[in-house]
Structures are given as structure tokens and as C-alpha cells.
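Notes for the structure review
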Amino acid sequence: MKQPTFFIPHGGGPCFFMDPDDPDRVHSDPMWHPMQEYLAGLVAGLPERPTAILLVSGHWEAPVFTVHDGARPPLLFDYYGFPAHTYALRWAAPGAPDVAHRAEVLLAGAGFEMGRENARGWDHGVFIPMKVAVPEADIPLAQLSLRGDLDPAAHVAAGRALAPLRDEGVLIVGSGMSVHNLRVRGEQAVVPATAWDEALTAAVTDADPQRRAERIIGWDRLPHAGFAHPREEHLLPLMVALGAGGDDPATLDHRSRMMGWTVSGYRFG
């Protein structure tokens, strides 16, 4: 059965796992509870359990699109200043080399130069949300990098090239944040964050697929775009999910508020 695609918020650092006495227990500040609950129900809301996951994280950039084809990737603790126990978290899902190679073939067939990697660990844009969504770590996962030029149109096109994976039972997930400006938080962020979220959601959920893609490729023309993303790496996974969603309906799948931000997640299909 054809899988949908998602753009999910992955939170801040190890935000869902802050209990030092039981590091594997999902435990967070109440601010994060709505996002945590959303992620925890992600797989249950699918038409059927995916055969594998292909995930694009805002925390991995490479000169060209690069697939991680490792069989048992380690974790990369690429966050700073958190309690010691958060650097001993475990999420031991198997890699999905077959899905990585299939993605490589699809992207190369669409004209993209490709890279391959198997030593890098899964960054926290992978293992933190997936540890909530797939706590048993029993769905194989392959990771795809962003392309370092951060070109929105290229990332939408990459998503379109990857769309056949959906018919093969693979869940395509973009993991980032719909707003990501660590310098502006609290009360001063409320007005621009709300206006940005409304504009982004209107663009993402445009009923016309071609216009939807055009509006998101031109994301930097939306109100308060520069506030929401001083640098767009956390938004680019949305482009891949949207491209892979093709002509399918796009819906607002999650909305929560923290630190003055309004944060959203989207489903395609």
C-alpha cells in the first residue's frame, strides 16, 4: 500500500529524553508534550506499517545528495550543553542499505550527482524523533543528506524522484523545524512566528500541486521568512517531503507552540 510522506518537527536537542534516572523513558518538559504525542502516533496513523523509512534531516549536509548505506549506523550526538545521560541514549534500528541504494538509483536517474557514505552516525534529527515514533527500533532506516547548496528547487525535484519508494512501502520523512531561529525566542517571537506559520501552512496546503511547489520553492518571499529561517537547512527537508508527495493532498498534521514559536508538521497523501 502506498505510504504518505511527512515533514515532522524534531524538537530541540534531546528534548524528549530528559529523565536522568531512566534515559530511555520518554520524558520532557510539558512544553514539548504535544510534539511528543504527535511523533508517538506517527506510525499508528499509517495505512500499514512501513517496510522501511527514508529520512532527510536538517542536520546533515553534503556537497551532493548522499545516501547512508550502513547496516548498523551509530548515533551522532550533535547537540551541546545537555545533561550527561543524553549522550548515552540508544536507538539501535537497523540500517536499510537496499533502500539507500534504491534511492541512489532513482536520484541518479533524475540527473543528480550522488554520494555514498556508511561511517557517519545518525544525527539527532534522526534518532531523537524516531526514538519517540519507533521506540522498539524495529523499522529499518536509511538517511539521505541535504545538498550543500540548499537549493529549494533541487530538493523538491529530489523528492519527486524518490516518490516511487512510497509504492514500495517506504515512508519518506523530512525531519526539521518549520521555524528555527535560536536567537529570537519568547514574547518577541510570537507575532512574526505566528504570521510566518500561517503563510507557510497556506503555501504547503495549496490545493494546486504545481502552485504549492512554486510557493514553497519561493519560501523566502513569505512574510517573516528571514526571521523564521536565518539559514534554511531546517526547512529543506520539507521540500523533499513535498516533492515526494506529488499531487497528493497536503494537510497540516501537527501544530504546537513553544518558546514563542508556532511549529507545524505536514502530511502529503
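Presented here is an overview of the structure given in this document. (Residues numbered from 1 in each chain as written. Predicted model: local features only at pLDDT ≥ 70, side-chain atom pairs only at ≥ 80, totals over all residues. Heavy atoms only, no water.)

**Quick word on the side chain of His234**
Quick note on the threshold: Numbering of helices and strands runs from the N terminus; a helix is a DSSP stretch of H or I covering at least four residues, while a strand is a stretch of E covering at least two. For every residue, the accessible area obtained with a 1.4 Å probe (protein chains only) is divided by the maximum for its type, and the residue is called buried under 20%, exposed over 50%, and partly exposed between those limits. For the purposes of these results, a polar contact is taken to be a pair of N or O atoms within 3.5 Å, where, inside protein, one atom must be able to donate a hydrogen and its partner to accept one; residues adjacent in sequence count only when each atom of the pair is a side-chain atom.
Tracing the sequence through the fold places His234 in the loop between helix H7 (225-228) and helix H8 (236-245). On the basis of relative accessible area, His234 is assigned to the buried category, the value being 2%. Engagement of the side chain of His234 in a polar contact is seen with the side chain of His59, the distance being 3.1 Å.

**Considerations on the layout of surface pockets**
Any space left empty among the atoms is revealed by the rolling of a water-sized probe across them. Our working rule: Buriedness of a pocket was judged along seven lines, with at least five required to meet protein on both sides within 12 Å; pockets are open sets of points on a 1 Å grid over the protein atoms alone, cavities are sets where a 1.4 Å probe fits but cannot get out, and lining residues have an atom within 4 Å of a point. Grid points are joined across faces, edges and corners, and a volume is the space filled by probe spheres set on the points. Gly is put with the polar residues, along with every residue not named as nonpolar or charged; the nonpolar set is Ala, Val, Leu, Ile, Met, Phe, Trp, Tyr, Cys and Pro, and the charged set is Asp, Glu, Lys and Arg.
Of the volumes computed, that of the largest pocket is approximately 400 Å³. As for the largest pocket, its lining consists of 21 residues, and the residues nearest its centre are Gly12, Gly13, Phe82, His124 and Leu182. Among the residues forming the lining of the largest pocket, the class breakdown is 11 nonpolar, 8 polar and 2 charged.

**What about helix H5 (residues 190-204)?**
This is how it is decided: Any helix carries an expected span of 1.5 Å times its number of residues minus one. For this analysis, residues touch if any pair of their heavy atoms sits within 4.5 Å.
Here H5 contains 15 residues, and its C-alpha end-to-end distance of 21 Å stays within 8% of the 21 Å for a straight helix at 1.5 Å per residue. Every buried residue of H5 is listed here: Pro192, Ala193, Trp196, Asp197, Ala199, Leu200, Thr201, Ala203 and Val204. In this structure, the buried residues of H5 make contact with helix H6 (209-217), H7, H8, strand S7 (250-258) and strand S8 (261-268).

**With respect to the packing of aromatic side chains**
Applicable threshold: Side-chain rings of Phe, Tyr and Trp, where Trp is taken by its six-membered ring, are said to pair if the distance between their centres is within 6.5 Å; with planes under 30 degrees apart they count as stacked, over 60 as edge-to-face, and otherwise as tilted. Ring-over charges, as used throughout, are those where CZ of Arg or NZ of Lys falls within 6 Å of the ring centre and within 35 degrees of the ring normal.
Taken as a whole and judged by the stated rule, the model has 11 aromatic pairs. For the pair Phe65 and Phe112, a centre-to-centre distance of 5.3 Å together with 85° between the ring planes defines the contact as edge-to-face. Placement of the pair is Phe65 in strand S3 (residues 65-68) and Phe112 in the loop between helix H2 (97-109) and strand S4 (114-117), with a sequence separation of 47 residues. The burial state of Phe65 is the same as that of Phe112; both residues are buried. On the basis of an interplanar angle of 80° and a centroid distance of 5.5 Å, the ring pair of Tyr79 and Phe82 is categorised as edge-to-face. Ring pairing ties together the aromatic residues Phe77, Tyr79, Phe82, Tyr87 and Phe127, which thus form one cluster. The ring of Phe17 has Lys131 sitting right over it, with the charged end atom 5.3 Å from the ring centre.

**Focus: the environment of Phe6**
Take Phe6: it is sitting in strand S1 (residues 5-9). When sequence neighbours within four positions are dropped, the list of residues in contact with Phe6 reads Tyr38, Leu42, Leu46, Leu171, Ile172, Val173, Gly174, Ala241, Asp253, Tyr266 and Arg267.

**Comments concerning the environment of Thr66**
By secondary structure assignment, the location of Thr66 is in strand S3. By relative accessible area, Thr66 is classed as buried at 6%. Taking the C-alpha atoms as reference, Thr66 lies 33 Å from His27; in sequence the two are 39 residues apart. The residues touching Thr66, leaving out its near neighbours within four places in the chain, are Trp60, Met114, Gly115, Arg116, Glu117, Gln143, Leu144 and Ser145.

**Thoughts on the environment of Pro192**
Relative to the helices and strands, Pro192 is located in helix H5. When its relative accessible area of 13% is taken as the criterion, Pro192 is described as buried. Sequence separation between Pro192 and Pro223 is 31 residues; the distance between their C-alpha atoms is 8.0 Å. Not counting residues up to four positions away in its chain, the partners in contact with Pro192 are His224 and Phe227.

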